[in-house]
Structures are given as structure tokens and as C-alpha cells.
Amino acid sequence: MPYHLDELIDPFPVTVPDGFVVKGPRPKSASWDAYTPLYTSVAQMVFGTENAIMWTGDCSLTLAAVAGLQRRGIDPAVVWMDAHGDFNTPQTTQSGYLGGMPLAMLTQRGEVDLPMHIGLRAVPDERVILAGTRSVDPPEEELLQESRIERVGLDALSTDMLPSGSIFLHVDVDVLDASELPGARFAAPDGASLAQLSGAIERVAQSTRLVAVHLAFTVDPEKQDGERTAAVARGLIEALRRGGFQA
Ligand SMILES: [Mn+2]
């Protein structure tokens, strides 16, 4: 799904292994309501796909993926690897950036109709693990502290600590350090190495309960380094394979 919010990314920064490309319907504006048609079609695709790996340019498309799994009768726990908390709501955000809100939407915070329109049910806080996060706004920090969401470093994330049942893995590549992946749209200092991220992904996959994966390539197409981005993409797929996850 070559989107960064309502912006179609063409060419997409990585060559995606054979699969399907969802290019529409393109949202008519960058407001949550405008995403309903696109997210409905993405949810339908995830509903019909076993072991989906979803390649996108933003974090918000997670909402569609989880809605699609839920439609299949799966209530996945969510492991969220990201430099940012993505835990703002329309009420707390300072930037208004929708890509900074999806984890709040997923746990049904913020007054937004989109989850209802796409049939998304709230993921309980106890079934969410936030990993590798190092850049959180003060209002997000407050919301996170009030929540029951567990936060861990990538190295500390172990197979044992994963919630029970099926697992959905979200990876925003900005969890990596800029030395591994230049050109992140919202770079935060002191990120993970590709080896650290790969290790954490492999341990999640080893649980054998992984049902779908979202790889969010939140890099600026103008500022990224194509070879580095491709190396990261290969690294993430190899980590999933080593952990036993086959798309
Ligand atoms: Mn993110």
C-alpha cells in the first residue's frame, strides 16, 4: 500500500516481493474520515490473506490491517516497534499529524469515527507492547503512563513476555538509527542497529503466533538512500524467515 497518509508514493522506496498493490481509493483529504474507503479495501485484503506482510509508507494503515484480522475472527495482540509512541489523539496532538496517532486509535482513544467505519474493535492495553520507542511528546507520555501498555527496549523484548494468542507485528523503520537508515521523515537520535531490530523481530516470529506483519517505510523518498533502504527491507524479511514466519 504505497501511501504516506493521503499521498501516493511513486516509486515506492523498496521493491516489494510479489504481492498485491492497493493504490486506491485514494483519500480525498488528510482527515481521518477521508480514509474510510482506502482502509476498507486494505482491511478486505488482509482479511483474505494468510500471513500477510504489508508494506506501507505510514503507520496509520495498521488500523486497516488489524480490522481485517478481526474480521477473520482473530483478536491479535500488537507488538509496536517504533521510534515514536504514535499515541497522540486529535485532542492532544501538537502537530496534527495523523501518523502520530494510530496506536491511540487502535486502543480506542481520541474521538474519531474511523475505527467504527472500518469495523475495528479496540485492542486492550494489556495486549499491546511498545518496543524501541525513544521519542514521546509530553501529552503522549501522560497518556502512556495512565495506560496499561508495556514499554520495553528492543534487546529486552523476549518471546516469553509476549501476550497470549495471535500477534500482529508493526515495525516503523524509524526505530532504526539514522546511521542504519538515513532519510527518516521523523528521525530521532540513538536508534537501534539493524542487528538489534532483526533480533527482536526474529524472537517475535519464534513465538509461532505471528499472524501478520506491517512494515512501515516512513522514509522521505527524496532524502533516503535507496541501497540502505533496500538493505533494511532485506534484513527485516530475513529476520522474519529465521523466526519461522513465511508470507
Ligand atoms: Mn510510527
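Just so you know, these numbers come straight off a predicted model, no measurement behind them. (Residues numbered from 1 in each chain as written. Predicted model: local features only at pLDDT ≥ 70, side-chain atom pairs only at ≥ 80, totals over all residues.)

## Some thoughts on helix α1 (residues 36-47)
Okay, so step 1: In this model α1 runs 16 Å from its N-terminal to its C-terminal C-alpha over 12 residues, within 8% of the 16 Å that 1.5 Å per residue would give.
Okay, so step 2: Looking at the buried positions of α1, the neighbouring elements they touch are β3 (52-56), α2 (62-71) and β8 (210-216). (Helix = DSSP H or I, 4+ residues; strand = E, 2+ residues; numbered from the N terminus. Expected span 1.5 Å × (residues − 1). Contact = placed C-beta atoms within 7 Å.)

## Notes on the packing of helix α6 (residues 194-205) against helix α7 (residues 226-242)
Okay, so step 1: Two numbers describe how α6 lies on α7: the axes approach to 7 Å, and their chain directions differ by 30 degrees. With respect to their mutual orientation, α6 and α7 come out roughly parallel. In this structure, α6 crosses over α7, and the sense of that crossing is right-handed. Taken together, the residues of α7 that come into contact with α6 (itself represented by Leu194, Ser198, Ile201, Glu202 and Ala205) are Val232, Gly235, Leu236, Ala239, Leu240 and Arg242.
Okay, so step 2: Along the lines of polarity and charge, the residues of the contact of α6 with α7 split into 7 nonpolar, 2 polar and 2 charged. (Axes fitted to C-alpha atoms, helices over the stretch in contact; angles between N-to-C directions. Parallel < 35°, antiparallel > 145°, perpendicular 65-115°, else oblique. Left-handed = near helix turned anticlockwise from the far one by under 90°. Nonpolar A, V, L, I, M, F, W, Y, C, P; charged D, E, K, R; others polar.)

## Some points on the sheet that holds β8
Okay, so step 1: One open sheet accounts for 6 strands, arranged β3-β8-β7-β4-β5-β6; its pairing is parallel. With one partner strand each, in any of the chains shown, β3 and β6 (150-152) form the two edges of the open sheet. Taken over all neighbouring pairs, the strand axes of this sheet differ in orientation by 15 degrees on average, direction set aside.
Okay, so step 2: By the bridge criterion, 6 bridges tie strand β7 (residues 167-172) to β8 in an arrangement that is parallel. Looking across to β8, one finds that isoleucine 167 is bridged to leucine 210.
Okay, so step 3: Against the sheet, α2 touches β3, β7 and β8, its axis set at about 165 degrees to β8. (Pairing = 2+ DSSP bridges.)

## Focus: the environment of aspartate 75
Okay, so step 1: By the secondary structure assignment, aspartate 75 is in the loop between α2 and β4 (77-81).
Okay, so step 2: According to the C-beta neighbour criterion, aspartate 75 is partly exposed, with 15 such atoms within 10 Å.
Okay, so step 3: Spatially, the C-alpha atom of aspartate 75 lies 27 Å from that of valine 16, the residues being 59 residues apart in sequence.
Okay, so step 4: When neighbours within four sequence positions are excluded, aspartate 75 is seen to be in contact with Gln70 and Gly165. (Buried ≥ 20, exposed ≤ 12 C-beta atoms within 10 Å, placed from the backbone.)

## Observations regarding the environment of arginine 26
Okay, so step 1: In this structure, arginine 26 sits in the loop between β2 (7-8) and α1.
Okay, so step 2: Classification of arginine 26 as exposed rests on a count of 12 C-beta atoms within 10 Å.
Okay, so step 3: Contact partners of arginine 26, with chain neighbours within four places excluded, come to Asp6, Leu8 and Leu38.

Purely geometric stuff here, so don't read any function into it on its own.
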